[in-house]
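Single-letter residue listing:
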Amino acid sequence: MKKLTTYWNHPFVRHLLFWSIVLLYFVLSVSNTGLYASYRHLFEYYGIIVIAQMITAYTIIYILVPKFLDRKRTFLFVLWALVLLLAVFTLYQLVKFVYFDVVYFDSLNEAQRRYAVEPLWKRFTYLPVFLSKCILFLTPTVLLLTYRFYKNQQRFLKLNEQKKVAELSALKNQLNPHFLFNTLNNLYALALEKSDKTPEVIERLSDILDYILYRCNTDYVPVQKEITLIENFIQLEKVRYGNRVEVNFDHTISEDVKIAPLILLTFIENAFKHGVSQELKKATIHISLKSEGSKLLFTIKNSKPVNSIQRKNKDRALGLQNVQKQLKLLYPQEHDLTLTETNDFYKVVLKLTQK
């Protein structure tokens, strides 16, 4: 079986099989074999037709298409294709004139005999004959080009899918360590203080790690799992900041929709890191997640620290870039992200088509 598969995958074998099928199709589709002197006559005639089709197909596919059509030189492609068809038609008429109309003249009917005695130059003036033969010569070429286009599309889609998976994996690998670093810092601070809340933090962190490592390895997850993740994260941050932050998280999801994992968490991380950590008084964060028809609407608005030092933050920029790349990969033409920044607040509005 393996040896048979190896033979089948060889291009020569596949091409030979294709042209054998074409020849058999012509021979077996002849309804009146009485028009031919013998089966040898039948096979020889359609053998010449198939050879003409092969010359046409391979010249167009392997020479004219790469040299002209792939380079957007359509006029030259059409011009040389016409030259090719004229050359193949000339070859066909020469073989018919020199061989078939001489050797098999006695088997021809009256109309065929009249055509057989026509001078060679006159045969080239019959436009309907030329057009009909061109269609016949081009038919396998069209089939092969269609198959080639299909294979190229399949290869393109496969490469795109592989690229998409690789990019998503890379983005998640960048996102997860960033999140873990922040939450482990929170736990470290509580451990130093010997806080009674340490067990609760460990439990929530354990649930978060379990989710990230084992339950969000697909492109989309139930939105309820993301809600649980967000709630755990908020509670961890509340333990850290205490009364310095007021967080409101409203979620109204009418049905069990799906969402790309960890996307929303990046915005919430940024709200705590840049809206709370530098605030000397009380910071506020308002988070809303709800479904509106076929859309999933996520909104987060956080206060900005008064008189905070404005500086470029590479972590924040990287997080947002990761999210935007993931949105383009997982929600192409199906998302709308709006970022608003004023002197008093920073707001994110994300609309996603439900999965």
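Just so it is clear, the structure is predicted and the values come from calculations on it, not from any experiment.

> Can you tell me about a nonpolar patch on the surface, naming the residues and giving the values?
Together, Leu24, Leu28, Tyr39 and Phe43 make up an exposed nonpolar region whose accessible area comes to about 470 Å². For the nonpolar patch, the secondary-structure elements that each account for two or more residues are helix 2 (11–28) and helix 3 (39–69). Mapped onto the secondary structure, Tyr39 falls in helix 3.

> Describe the sheet that holds strand 7 (residues 345–353), and please don't skip the residues or the numbers.
Whenever strands of a sheet pair, they do so through backbone hydrogen bonds, lying parallel or antiparallel. On the basis of which strands lie adjacent, the open sheet formed by five strands has the order 2-4-5-7-6 and mixed pairing. The open sheet is flanked by strand 2 (245–252) and strand 6 (335–341), the only strands paired with a single partner. This sheet shows a mean twist of 5° between the axes of neighbouring strands, independent of strand direction. Both strand 4 (residues 283–292) and strand 5 (residues 295–303) contribute to a ladder of eight bridges, which runs antiparallel. Bridge pairing in strand 5 links Leu289 to Phe298. Relative to the sheet, helix 9 (residues 223–241) contacts strand 2, strand 4 and strand 5, its axis offset from that of strand 2 by approximately 170°.

> So what about the packing of aromatic side chains? Which residues, and what values?
Enumeration according to the criterion identifies 14 aromatic pairs in this entry. Arranged with centres 5.2 Å apart and planes meeting at 80°, the rings of Phe89 and Phe130 form a pair that is edge-to-face. A residue pair is termed long-range when its members are at least 10 positions apart, and Phe89 in helix 4 (residues 74–103) and Phe130 in helix 7 (residues 127–193) qualify at 41 residues. For the pair Phe89 and Phe130, one class covers both residues: buried. Where Tyr220 meets Tyr331, the ring centres are 5.8 Å apart and the plane angle is 85°; that geometry is what we call edge-to-face. Taken together, the positions of Tyr220 in the loop between helix 8 (198–215) and strand 1 (221–222) and Tyr331 in the loop between helix 11 (314–330) and strand 6 put the pair 111 residues apart, joining distant regions of the chain. The class of Tyr220 is partly exposed, set by a relative accessible area of 22%. Three or more aromatic residues joined by ring pairs form one cluster here, namely Tyr25, Phe26, Tyr45, Tyr46, Tyr99 and Phe100. Directly above the ring of Phe345 sits Lys301, whose terminal nitrogen or CZ lies 4.2 Å from the centroid.

> Describe the nonpolar core, listing the residues and the values that go with them.
Ranked by size, the top nonpolar core spans 50 residues in total, and within it Phe267, Phe272, Ile285, Ile287, Leu289, Phe298 and Ile300 carry the most contacts. Per element, the largest residue contribution to this core is nine residues, and it comes from helix 9. Within the second largest apolar cluster, 31 residues are counted, among which are Trp19, Ala81, Tyr104 and Cys134.

> Please give an account of the pairing of strand 5 that cites residues and values.
In regular strands, side chains alternate between the two faces of the sheet. Most of strand 5 sits out of view: seven of its nine residues are buried. Between strand 4 and strand 5, which follow one another and run antiparallel, lie two residues, and Gly293 among them has a positive phi close to 65°. When strand 5 meets strand 7, the two strands line up antiparallel, connected through nine bridges. Across the sheet, the residue bridging to Leu296 is Leu352, located in strand 7.

Cut-offs used in this document
Residues numbered from 1 in each chain as written. Predicted model: local features only at pLDDT ≥ 70, side-chain atom pairs only at ≥ 80, totals over all residues. Heavy atoms only, no water. Patch = residues over 30% accessible without salt bridge, like charges linked within 9 Å, V, L, I, M, F, W, Y side chains within 5 Å. Areas by Shrake-Rupley, 256 points an atom, 1.4 Å probe, with all protein chains shown as cover. Salt bridge = Lys/Arg side-chain N within 4 Å of Asp/Glu carboxyl O. Helix = DSSP H or I, 4+ residues; strand = E, 2+ residues; numbered from the N terminus. Pairing = 2+ DSSP bridges. Axes fitted to C-alpha atoms, helices over the stretch in contact; angles between N-to-C directions. Contact = heavy atoms within 4.5 Å. Phe/Tyr/Trp six-rings, centres within 6.5 Å; stacked < 30°, edge-to-face > 60°. Buried < 20%, exposed > 50% of the residue type's maximum accessible area, 1.4 Å probe, protein only. Lys NZ or Arg CZ within 6 Å of the ring centre and 35° of its normal. Core = buried A, V, L, I, M, F, W, Y, C linked by side-chain atoms within 4.5 Å.

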